[in-house]
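Descriptive analysis of the structure
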Amino acid sequence: MLVAPGVTTVPTDSPIATRWGRLIVIGLTVAAFGPYLAPGVRTEQVAVYGAAAVLCLVGLWLRPRFTSTAVWALGAHLSLAAVATVGVVLPPQNYTLYEAGDVVAGLDNIVLPLVVVGVVGMLVGAGADPARMLRAVCTVTVVAMGANALLAVSSAAGVENDLLAQFRLFGDGESVADRAEQLGRFSGIFNQPAEAGVLYSVAVLAALYLYQRQVGKLAIALLLLSVGGVLSVSKIFLLVGAPIGIAYVILATGRKQRLSAAAAASIAAWFTADAYLDQWDGQRFAMRLLPGSGGSDDQLGLYTAGRVGGESSLQQAVDVMTALSPASGMGFGGLRVAYDNGWVEALVVAGVIGVILHTAVLTALAVGWLRARSHRPESAFTGALILVLICASTGLPALTANRCATVVWLLLGLLLLVRADGQAGTWWQRPGRGQHRKPATAAALVPAGS
């Protein structure tokens, strides 16, 4: 190909790369909802690391192009991993209150987000269209969480499904979800209602982004997702995801028709839940969250499930860490204790330095969105997603939680962290970017020089 001096050709929206890119991100998203394959081995882990290995083998490891936001956010996350390494090499001594955690599992929690963004970067760098990949991830997420809501409804109706155990915990032990169901909280394939709450929240935003002009599909999607979120009795969904979703409809869409669809779906969800009031134990659990219900004198403790308030369940873990290794933490393995908070996880794994770096990751994402924001639908979606993650991190390590991490970082990568070649920022900053573009080259997924 003859190229004028000073002009750089890049693989932009190659049809072949886009086709393969969509298949790969669809596969990764589906895998995030897959079962355990062995003790401690989830389908998503095999898919993410396998996809990264294949893409590197075909020579795409040189292709990623990251935004400045990615440099700061991923740099802070990588720095947290470096600090956690200190705790592995020089573990603190004389701790007896909790057992040490699994180093491999802890390492996976930190590394998997980096690998997911790396895969997205390689695909976009090879010429895959990020807009089409984004819609693919959103579609799978909405459909999968809608199906999970139907599973939750069947469980609430008393239908037993032995296959759910393979998605929650490999083996015959009692999972967190099993104990939650005794309280009337039904989370489907998720081991923790909080994990379900994060992805129901993300799926609501994805549905609002996808079906902006398709009120019928939007109403059906919001109905299913709202029912699922209510039955999980996840405070992340009820107090974070649902309100942010409503604000998204009001502020970002600005159309009465869409607002009506969202309101109708939400009302239908509550009426659907009402059908279970006589047999659904979770109704009493959920009703305590309503103001004036008299559920608890410590409202802050109630809304945070005891994580914050008069008798914080996290305080003991915080006290142990500040006494043992306040600077660099316990390392990747951490402690065998439920962190239930992104900052507490960072404290246990990487000490006070980790808390600072975790805050830096979230700050970088928020600042990056503020600097890149526009009137495009993707901008509103990105801002709402980041707000959900920041708020959800107070009740769950939302950036590293099982199943959540893959979906969340695929979306963050496509929306904010990876840029198309030749672009200074995100692909959606410029009006018309991502629409009706022709490929500059057919390089696709073939490494240079092959």
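Residues take numbers from 1 onward in each chain, read along the sequence in its written order. Restriction of local features to residues with pLDDT of at least 70 applies here, the model being predicted, together with a cutoff of 80 or more for giving and counting side-chain atom pairs; totals for whole chains, interfaces and linings are based on all residues. Side-chain metrics in this entry use all non-hydrogen atoms of the structure; hydrogen atoms and water are not considered.

1. What about the packing of aromatic side chains?
Each Phe, Tyr or Trp ring (for Trp, its six-membered ring) is paired with any other whose centre lies within 6.5 Å, and the angle between the two planes then decides the class: stacked below 30 degrees, edge-to-face above 60, tilted in between. Tallying each qualifying case throughout the model produces 3 aromatic pairs. Where Phe33 meets Phe190, the ring centres are 6.4 Å apart and the plane angle is 85°; that geometry is what we call edge-to-face. Placement of the pair is Phe33 in the loop between helix 1 (15–32) and strand 1 (36–38) and Phe190 in the loop between helix 7 (176–181) and helix 8 (193–210), with a sequence separation of 157 residues. Across this residue pair, the class does not change: Phe33 and Phe190 are buried. We count a stretch as a helix when DSSP gives it H or I for four or more residues in a row; a strand needs E for two or more, and each element gets its number in order from the N terminus. Residue burial is assigned from relative accessible area. The probe radius is 1.4 Å, only protein chains are included, and a residue is buried under 20% of its type maximum, exposed over 50%, and partly exposed in between.

2. So, empty space enclosed by the protein
Cavity and pocket criteria rest on a 1 Å grid covering protein atoms alone: a 1.4 Å probe that fits but cannot get out defines a cavity, protein on both sides within 12 Å along at least 5 of 7 lines defines an open pocket, and an atom within 4 Å of a point defines a lining residue. Grid points are joined across faces, edges and corners, and a volume is the space filled by probe spheres set on the points. The full count for this structure, using the stated rule, is 3 cavities of 30 Å³ or more. What the largest cavity holds in volume is close to 90 Å³. In terms of lining, the largest cavity is formed by His77, Leu80, Ile110, Glu345, Ala346, Val349, His358, Val361, Leu399 and Thr400. At 5 residues, the largest contribution of residues to the lining of the largest cavity is made by helix 15 (residues 342–372). Each residue is assigned to one class: nonpolar for Ala, Val, Leu, Ile, Met, Phe, Trp, Tyr, Cys and Pro, charged for Asp, Glu, Lys and Arg, and polar for all the others, Gly among them. Looking at the lining of the largest cavity residue by residue, the classes come out as 6 nonpolar, 3 polar and 1 charged.

3. Some points on the packing of helix 1 against helix 2 (residues 43–57)
Interaxial angle, 0 to 180 degrees, is taken between N-to-C directions of lines fitted to C-alpha atoms, where a helix line uses only the stretch in contact. The contact between helix 1 and helix 2 brings their axes to 7 Å, and the two run at 155°. The orientation of helix 1 with respect to helix 2, classified from their angle, is roughly antiparallel. Crossing angle aside, the handedness with which helix 1 passes helix 2 is left-handed. When helix 1 is examined against helix 2, the residues Ile24, Leu28, Ala31 and Ala32 are found in contact with a partner set consisting of Thr43, Glu44, Ala47, Val48, Ala51 and Leu55. Class assignment of the residues belonging to the contact of helix 1 with helix 2 gives a composition of 8 nonpolar, 1 polar and 1 charged. Any angle that falls under 35 degrees is termed roughly parallel, while one over 145 is termed roughly antiparallel, one within 65 to 115 roughly perpendicular, and all others oblique. The hand of a helix crossing depends on one turn: near helix anticlockwise from the far one by less than a right angle means left-handed, and clockwise means right-handed. For this analysis, residues touch if any pair of their heavy atoms sits within 4.5 Å.

4. Thoughts on the side chain of His358
Considering the arrangement of structural elements, one finds His358 in helix 15. Leave out the neighbours within four places in its chain, and His358 touches Leu80, Gly342, Trp343, Ala346, Ser393 and Leu399.

5. A closer look at the environment of Tyr98
Mapped onto the elements of the fold, Tyr98 is located in the loop between helix 3 (68–89) and helix 4 (103–125). Distance in space between the C-alpha atoms of Tyr98 and Ala317 is 8.8 Å, their sequence separation being 219 residues. Setting aside residues no more than four positions away along its own chain, Tyr98 makes contact with Gln316, Ala317, Val320, Leu335, Arg336 and Val337.

Nothing here speaks to function; it is all geometry.
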